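# Coordinates in review
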Amino acid sequence: MHLYELTIHEARALLNAGEISAVELTQAVIDRILAVDNAVRAYITLTPEAALEQARAADTAFRQGQALPLLGIPLAIKDILCTAGIPTTCGSRILENFVPPYDATAVARLKAAGAVILGKTNTDEFAMGSSTENSAFFPTHNPWDLERVPGGSSGGSAAAVAAGECLGALGTDTGGSVRQPAAFCGIVGLKPTYGRVSRYGLIAFASSLDQVGVLTRDVTDAAMLMNVIAGHDPKDSTSLDAPVPDYTTALTGDIRGMRIGVPREYFIPGMQPEVEAAVRAALQRLADLGAEIVEVSLPHTDYALPVYYLIAPAEASANLARYDGVRYGLRMVGNSLEDTYQQTRGQGFGPEVKRRIMLGTYALSAGYYDAYYLKAQKVRTLIKGDFDRAFEQVDVVVAPTSPTTAFRIGEKTEDPIQMYLSDVFTLSLNLAGICGINVPCGFDAQGLPIGMQIMGPALGEMTVLRVAYAYEQATDWHTRRPPI
Amino acid sequence: MEYEAVIGLEVHAQVHTRSKMFCACPVMEDTGDLPPNAYVCPVCTAMPGTLPVINRRAVELTLMTALALNCEVPPVSFFARKSYFYPDLPKGYQISQHGLPLGMNGYLDIQTEAGPRRVRINNVHLEEDTGKLYHVGNVTLVDFNRAGVPLIEIVTEPDMRSAEEVREYAERLREILVYLGVNSGDMEKGVMRFEASVSVRPKGSDVLNPRHEIKNLNSFRALYRAVAYEIAHQIEVLQNGGRVLQQTMGWDEGRGVTYVQRRKEYAEDYRYFPEPDLPPLEIGREWLAELRERLPELPAARRARFVREYGLSVSEADLLVADRAVADYYEMAVRAGTVNPKTVANWITVDLFRVMRESGKGIRELPVSPQALADLIGLVEAGTINMNTGREVLDEMVVTGKSARQIVEEKGLAQISDEAALRAIVERVLEEHPAQVAQYLAGKEQVAGWLMGQVMRATGGKANPQVVRTLLGEALSSRKREAGSR
């Protein structure tokens, strides 16, 4: 077995036992990146020297007997999270040369826990996309089939984890951007409750939906990363001031007596039959483990997509107004102030970002606000109500993460609606502000991974991790590695 | 036809908290010589990924302003994003309030020539200031020191009818803001800015005509002149059969005229929506009650009390109350001594104000405590020194910080009230100036004043003038009788 294939908890055991060094581990992962990333293209920026420096420091710390939770563990960061002194592009030309003077809180917490930062992973521009094809620089390729997308927008992080180019990674999830690429790449992806992880330093797409999440090779690793990054941050007024449990204590393997809801609205005509079959089989597996399977209804599911595509672009249209060429980032000097704005933003933003800025600007305009933005917020409340009622009956809700497995690069780029539909099962959760995790639950005929989504109530991370872990222990999907 | 003006006012007041509205950068008063972009951070320059955190003190001061202006305060208030592009606005939106601001439906009573008038307050809300642009040659530079400084905006209903009323309202409002400690009230440092909406209509009508909004008025004088100009200008337009269009105007201070900035049909759409980075602001009733408790006595109430309690005239009370520090000083001085409050008021408004004017210092910066002033007045009242000596002693106190008693003793300034000693001096002076005495006896009575001066001079100014006046009168009368009997 190669060192780069280790899970975080396996690597930690070996590091603690002194059987491997952090430098060996980090070097192995860097070598792996150098070997495969020309094909996968998971990284926008690599920081191998700094990573080895951190690994050496970790080895010194080990010798001194320090026991930080992620000491010497090489991780990747989605390029939408600010990293002090390291370019943070957001997958956009407009921030191509932007070097933040500060770390995102989630990144700072990883560093404080001893993690080694390998670099910044590719993303759809400003996290707007479901395939990583909207990156201004290049698309990332799915390690299971290089002709296919890794999902998005955290496609770089998902592909890097799947391909052994890091042991785990941070992503962000505004409408499914952690869970959907995790499903496409056959790994675990956890989207925490809104406010559970600080958004400080996460470059905003849609402020009321954005949340930092983790991408890992198994459920235990996800719990370990959550232990480090979760918690209140005075710099983020929307972060929750609730105690952080030890998430690894949820990993008991015992789900007897738990009630699992299956939403009838999530099994729709047009979805890939193999996906439905795999998720149905997984539900049977959960029943075999002693859980009770209950059909539930989330009646406003159909509205999630239109509601999301009003609220998210509306917030984005304001969040992206700061990219004006005045203080940082791309600046194209025009003949006038107006012209400078138009040149800078016209050349700095890609087509999908422009589309969403226009959508959002329209939705917030005088005369349309009530009909679009305000109405969408009301329906959002109804969607949240659906989940509140469901969680009165069941502990978690289980559904497919995406209606299909990974599609081909270029297959949906011409049709934004088809692309948006790829997130149809993940958007509701962000609108409701609750948590969910993707776990691998099978493969289709082409050998592409299928993901199952386990959704829990606000601050229900312990519950979803418990179900995910029990399922994972009863199956071996998570042990399969892509052919690359 | 007779016209009347309909005027509403928006006032922006900087809030001088220690830190800015949404970050930890210090709030600096604009002294004109701060290094540019020295008081900035990633948050107030809108670096990607940064988030705002509400300054609780700014909210408290806004709530106190709302309470002082008799506003309703909702149990939950929201911040909103106001979107527009301008280089002094780092985020491309301003965090402001829109719907459920911190204060609503209040009023401020003012005195006008026509009697008292109630100016209704539509709302009091909290927002952040922008940066400042400097046009240098053909480039524009931006300074973000001011970006993110908390601003209270106070919006009236169109309840004022003349430029005088607008000025009165603005001055009374400034007084309140200073009393609450919102800011220094120092207009030259731009801590208050005005925006007036002016329209006119036939007197007695209740229509609201299209209005001119005059932006960026930074002094009471500019406010008064711009409003007065607009009223006269609009009446003239109407009288000539013209129409007033809804417009945004600028004010040309040099030429004393307003000018069109833009027509309202191109009005900006600010696309307000609730700020998702800030949770709703819950204003607990206990917190509000505590703030109400902490409200100082406001200028209007204090003015009335000064008249009632200390027997001051309204204009004396005005002079003292206009500055909270002066009013506080006055009350401390009254309490420190046993002298008549009216006398204390006189000393402060005449002599201390003169000293403050000459030294350019505020009353709290003077080395003369209220107790020290009360002691000085006590010496004058007791006749130990006379009024003129008292003034000299005050000047000395301001320079040296010594007590009045110490100065009087060191300089031997205590006045002579001993009648026997003074009578001798009076007799001597009359002997020495027979010509003037003769003039007096011939009926030129004003010479008495000159003789009085000679006596004072002979005592080095230390004579008790009242005693001297009596003695001199007696001596001259007896000479008159003698002359008459001859």
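Counting restarts for each chain, with residues numbered from 1 along the sequence as it is written. A letter from A marks each chain and a number from 1 marks each ligand, given out in the order of writing. Confidence filtering applies because this is a predicted model: local features only for residues at pLDDT of at least 70, side-chain atom pairs given and counted only at 80 or more, and all residues used for totals across whole chains, interfaces and linings. With hydrogens and water excluded, all non-hydrogen atoms of the structure serve as input to the side-chain values.

### Details of the overall build of chain B
Stated formally: Put simply, DSSP H or I for four residues or longer makes a helix, DSSP E for two residues or longer makes a strand, and each gets a number counted from the N terminus. As defined in this context, the radius of gyration uses C-alpha atoms, and a globule is described by 2.2 Å times the residue total to the power 0.38. Here the term buried applies to any residue with accessible area under 20% of the maximum for its type, exposed to any over 50%, and partly exposed to those in between, with areas from a 1.4 Å probe on protein chains only. Note on areas: these come from Shrake-Rupley sampling with a 1.4 Å probe, and a residue is covered only by the protein chains present in the view.
When you go through chain B residue by residue, the secondary structure sums to 15 helices and 15 strands. Computed over its C-alpha atoms, the radius of gyration of chain B comes to 31 Å, more than 25% above the 23 Å expected for a compact globule of 486 residues. Taken over the C-alpha atoms alone, chain B extends approximately 100 × 55 × 50 Å along its principal axes. In chain B, which comprises 486 residues, the share counted as buried stands at 51%. Put simply, chain B shows about 22,700 Å² of open surface, and 50% of that area lies on carbon and sulfur atoms.

### What to know about the overall build of chain A
This is how the line gets drawn: Charged-residue counts in this description rest on Lys and Arg as positive and Asp and Glu as negative, His and the chain ends being excluded. For charged residues, the charge sits on one atom: NZ in Lys, CZ in Arg, CG in Asp, CD in Glu.
On a plain count of helices and strands, chain A comes out with 15 helices and eleven strands. Relative to the globule expectation of 23 Å for 484 residues, the C-alpha radius of gyration of chain A, 21 Å, shows essentially globular dimensions. Considering only C-alpha atoms, chain A reaches an extent of 65 × 55 × 45 Å along its principal axes. With an accessible surface of roughly 16,000 Å², chain A has 52% of that area assigned to carbon and sulfur atoms. Chain A carries 39 positive and 52 negative side-chain charges, and their two centres are separated by 3 Å.

### Structural notes on the environment of A:Phe126
Residues and elements named next belong to chain A. Filter applied, for reference: Contact definition: two residues touch when any of their heavy atoms are within 4.5 Å.
Summarising the element assignment, Phe-126 is placed in the loop between strand 3 (116-121) and helix 5 (155-162). A C-alpha to C-alpha distance of 28 Å links Phe-126 and Ala-35, two positions 91 residues apart in sequence. In this view, Phe-126 contacts Ile-80, Cys-90, Ser-92, Ile-94, Leu-95, Ile-203, Phe-205, Leu-320, Tyr-323, Phe-349 and Val-353; residues no more than four positions away in its chain are not counted.

### Things to note about the packing of helix 6 (residues 314-321) of chain B against helix 8 (residues 341-359) of chain B
All names here are of chain B. Formally: Axis definition: a line fitted to C-alpha atoms, limited for helices to the stretch in contact. Angles are taken between N-to-C directions and run from 0 to 180 degrees. Roughly parallel means an angle under 35 degrees; roughly antiparallel, over 145; roughly perpendicular, 65 to 115; everything else is oblique. Handedness of a helix crossing follows the sense of rotation of the near helix relative to the far helix, less than a right angle counterclockwise being left-handed and clockwise being right-handed. Polar here means any residue other than Ala, Val, Leu, Ile, Met, Phe, Trp, Tyr, Cys and Pro, which are nonpolar, and Asp, Glu, Lys and Arg, which are charged; Gly is therefore polar.
Relative orientation of the contacting elements helix 6 and helix 8 amounts to 55°, with a least axis distance of 11 Å. The angle between the axes of helix 6 and helix 8 places the two elements in the oblique class. The chirality of how helix 6 crosses helix 8 is left-handed. Along the contact surface, helix 6 presents Glu-316, Leu-319 and Leu-320, while helix 8 presents Lys-342, Ala-345, Ile-348, Thr-349 and Phe-353. Of the residues in the contact of helix 6 with helix 8, the class split is five nonpolar, one polar and two charged.

### Some remarks on the side chain of A:Ser317
By the secondary structure assignment, A:Ser317 is in helix 9 (residues 304-319). Once residues lying within four places of it in the same chain are set aside, the contact partners of A:Ser317 are A:Ile357, A:Gly360, A:Thr361 and A:Leu364.

### Some points on the domain arrangement of chain B
For an interface, size is often stated in terms of accessible area lost upon the parts coming together. To keep it simple, the criterion reads: Source of the domain bounds: an automatic or database domain assignment.
When its domains are assigned, chain B resolves into domain 1 (3-287), domain 2 (297-411) and domain 3 (419-485). For domain 1 of chain B and domain 3 of chain B, the distance between their C-alpha centroids amounts to 66 Å.

### Quick look at the packing of aromatic side chains
All names here are of chain B. Quick note on the threshold: Ring pairs shown here join Phe, Tyr and Trp side chains whose ring centres sit within 6.5 Å, with only the six-membered ring taken for Trp; geometry is labelled stacked below 30 degrees between planes, edge-to-face above 60, and tilted in between.
The tally for this structure, following the rule as stated, stands at 27 aromatic pairs over all chains. Relative to Tyr-270, the ring of Tyr-84 has its centre 5.8 Å away and its plane inclined at 70°; by these criteria the two rings are edge-to-face. Taken as a pair, Tyr-84 in the loop between strand 3 (80-83) and strand 4 (93-96) and Tyr-270 in the loop between strand 13 (257-263) and strand 14 (273-274) lie far apart in primary sequence, 186 residues in all. Judged by its relative accessible area of 19%, Tyr-84 is buried. A residue is classified by how much of its surface remains accessible, and Tyr-270, at 22% relative accessible area, is partly exposed.

### A few points about the sheet that holds strand 14 of chain B
Residues and elements named next belong to chain B. As a reminder, the rule being used: Only strands that DSSP links by at least two bridges are regarded as paired with each other.
Spatial strand order, 4-3-14: three strands in an open sheet with antiparallel pairing. The outermost strands of the open sheet, each flanked by one partner alone, are strand 4 and strand 14. Where strand 3 meets strand 4, four bridges bridge the pair, whose relative direction is antiparallel. By the bridge assignment, Ala-80 is partnered in strand 4 with Ser-96.

### Quick word on empty space enclosed by the protein
All names here are of chain A. Inclusion rule: Only protein atoms enter the 1 Å grid, on which a cavity is a set of points fitting a 1.4 Å probe that cannot get out and a pocket is an open set with protein on both sides within 12 Å along at least 5 of 7 lines, lining residues being those with an atom within 4 Å of a point. Grid points are joined across faces, edges and corners, and a volume is the space filled by probe spheres set on the points.
This model, assessed by the stated rule, comprises five cavities of 30 Å³ or more. The volume enclosed by the largest cavity comes to roughly 210 Å³. Of the volumes computed, that of the second largest cavity is approximately 60 Å³. As for the second largest cavity, its lining consists of 13 residues, and the residues nearest its centre are Ala-127, Gly-129, Ser-177, Tyr-308 and Asp-423.

### Comments concerning the sheet that holds strand 2 (residues 74-78) of chain A
Residue and element names in this part refer to chain A. Spatially, the eleven strands line up as an open sheet ordered 1-3-2-4-6-5-10-11-9-7-8, and their pairing is mixed. In this open sheet, the two strands that pair with only one neighbour each are strand 1 (43-46) and strand 8 (292-296). Averaged over all pairs of adjacent strands, the angle between their axes in this sheet comes to 30°, without regard to strand direction. With five bridges connecting them, strand 7 (residues 259-263) and strand 8 associate as parallel partners. Note that in strand 8 the partner of Val-262 across the bridge is Glu-295. Packed onto the sheet, helix 15 (residues 461-474) meets strand 5 (188-191), strand 7, strand 9 (396-400), strand 10 (435-443) and strand 11 (449-456) and runs at close to 10° relative to strand 10.

### Overview of helix 1 (residues 56-68) of chain B
Residue and element names in this part refer to chain B. Selection rule: One less than the residue count of a helix, multiplied by 1.5 Å, gives the span that helix is expected to have. Here a polar contact is taken to be a pair of N or O atoms separated by no more than 3.5 Å, where protein atoms must pair a possible hydrogen donor with a possible acceptor and residues adjacent in sequence count only if both atoms sit in side chains.
Helix length check: helix 1 (13 residues) gives 18 Å between terminal C-alpha atoms against 18 Å at 1.5 Å per residue, within 8%. Most of helix 1 is tucked away, with eleven of its 13 residues classed as buried. Within helix 1 the residues assigned to the buried category are Ala-58, Val-59, Glu-60, Leu-61, Thr-62, Leu-63, Met-64, Thr-65, Ala-66, Leu-67 and Ala-68. Of the residues flanking the start of helix 1, the one acting as N-cap is Asn-55, its side-chain oxygen 2.9 Å from the backbone nitrogen of Arg-57.

### Considerations on helix 5 of chain A
The buried count for helix 5 of chain A comes to eight of eight residues, which makes it a mostly enclosed element. Of the residues one or two after helix 5 of chain A, A:Gly164 is the one with positive phi, at around 80°.

### Details of the pattern of salt bridges
All names here are of chain B. The line we're drawing: Criterion for a salt bridge: a side-chain nitrogen of Lys or Arg within 4 Å of a carboxyl oxygen of Asp or Glu.
Within the structure shown, the criterion is met by 61 salt bridges over all chains. One salt bridge connects Arg-335 with Glu-331, and the closest N-O pair in it is separated by 4.0 Å. Taken together, the residues Arg-335 and Glu-331, both in helix 7 (residues 324-336) and four residues apart, mark about one turn of the helix. What makes Glu-331 buried here is its relative accessible area of 4%.

### Examining the layout of surface pockets
The calculated volume of the second largest pocket comes to roughly 730 Å³. If you trace the second largest pocket, you find 27 residues lining it, with A:Tyr194, A:Ser208, A:Gln377, A:Arg380 and B:Pro280 closest to the centre. Per-element accounting of the lining of the second largest pocket gives the leading share, seven residues, to helix 12 (residues 370-393) of chain A. Grouping the amino acids of the lining of the second largest pocket by side-chain chemistry returns 16 nonpolar, six polar and five charged.

### Let's talk about a nonpolar patch on the surface
All names here are of chain B. The condition is simple: A residue counts toward a patch only above 30% relative accessible area and without a salt bridge, and it is joined to like-charged neighbours within 9 Å or, for Val, Leu, Ile, Met, Phe, Trp and Tyr, to nonpolar neighbours within 5 Å.
Together, Tyr-134, Val-136, Val-139 and Leu-141 make up a nonpolar patch on the protein surface, roughly 340 Å² of accessible area in all. Counting residues per element, the ones that place at least two in the nonpolar patch are strand 7 (132-136) and strand 8 (139-143). Relative to the helices and strands, Tyr-134 resides in strand 7.

### Quick notes on the pairing of strand 7 of chain B
Residue and element names in this part refer to chain B. Both strand 7 and strand 8 contribute to a ladder of five bridges, which runs antiparallel. In the strand pairing of strand 8, Lys-132 is matched with Asp-143. Once strand 7 ends, the chain turns through two residues before running back antiparallel as strand 8, passing Gly-137 with a positive phi of about 60°.

### Digging into the interface of chain B and chain A
In this assembly, 31 residues from chain B lie in contact with 37 residues from chain A. For the pair chain B and chain A, the number of links is one salt bridge. Here A:Arg199 makes a salt bridge to B:Asp277, at a shortest N to O gap of 3.0 Å. Taken together, the links from chain B to chain A amount to 14 residue pairs in polar contact (both at pLDDT 80 or more). Sorting the residues of the side of chain B that touches chain A by element identifies strand 3 and strand 14 of chain B as the ones contributing at least two each. Here the side of chain B that touches chain A is composed, by residue class, of 21 nonpolar, five polar and five charged.

### Describing the nonpolar core
Applied cut-off: Remark: nonpolar core denotes a set of buried residues (Ala, Val, Leu, Ile, Met, Phe, Trp, Tyr, Cys) joined through side-chain atoms within 4.5 Å.
Of all hydrophobic cores here, the largest spans 158 residues; its most connected members are A:Leu70, A:Leu110, A:Phe126, A:Leu170, A:Ile229 and A:Ile454. Each residue touching A:Leu110, except ones within four places of it in the same chain, is listed here: A:Leu70, A:Leu75, A:Ile77, A:Ala115, A:Leu170, A:Leu225, A:Val228 and A:Ile229.

### A word on unusual backbone geometry
Note that the residue after A:Gly152, namely A:Ser153, is joined by a cis bond; omega there is 10°. Here A:Ser153 is to be found in the loop between strand 3 and helix 5. Backbone geometry at B:Ala46 places phi at a positive 60°, although glycine is not the residue there. Position of B:Ala46 among the secondary structure elements: in the loop between strand 1 (3-14) and helix 1.

### Quick word on the environment of B:Asn55
All names here are of chain B. Its place among the elements puts Asn-55 in the loop between strand 1 and helix 1. When its relative accessible area of 11% is taken as the criterion, Asn-55 is described as buried. Along the backbone, Asn-55 and Thr-384 are 329 residues apart, and their C-alpha atoms lie at a distance of 55 Å. Sequence-distant contacts of Asn-55, that is, excluding residues within four places in its chain, are made with Thr-17, Ser-19, Lys-20 and Met-21. A polar side-chain atom of Asn-55 sits 2.9 Å from the main-chain amide nitrogen of Arg-57.

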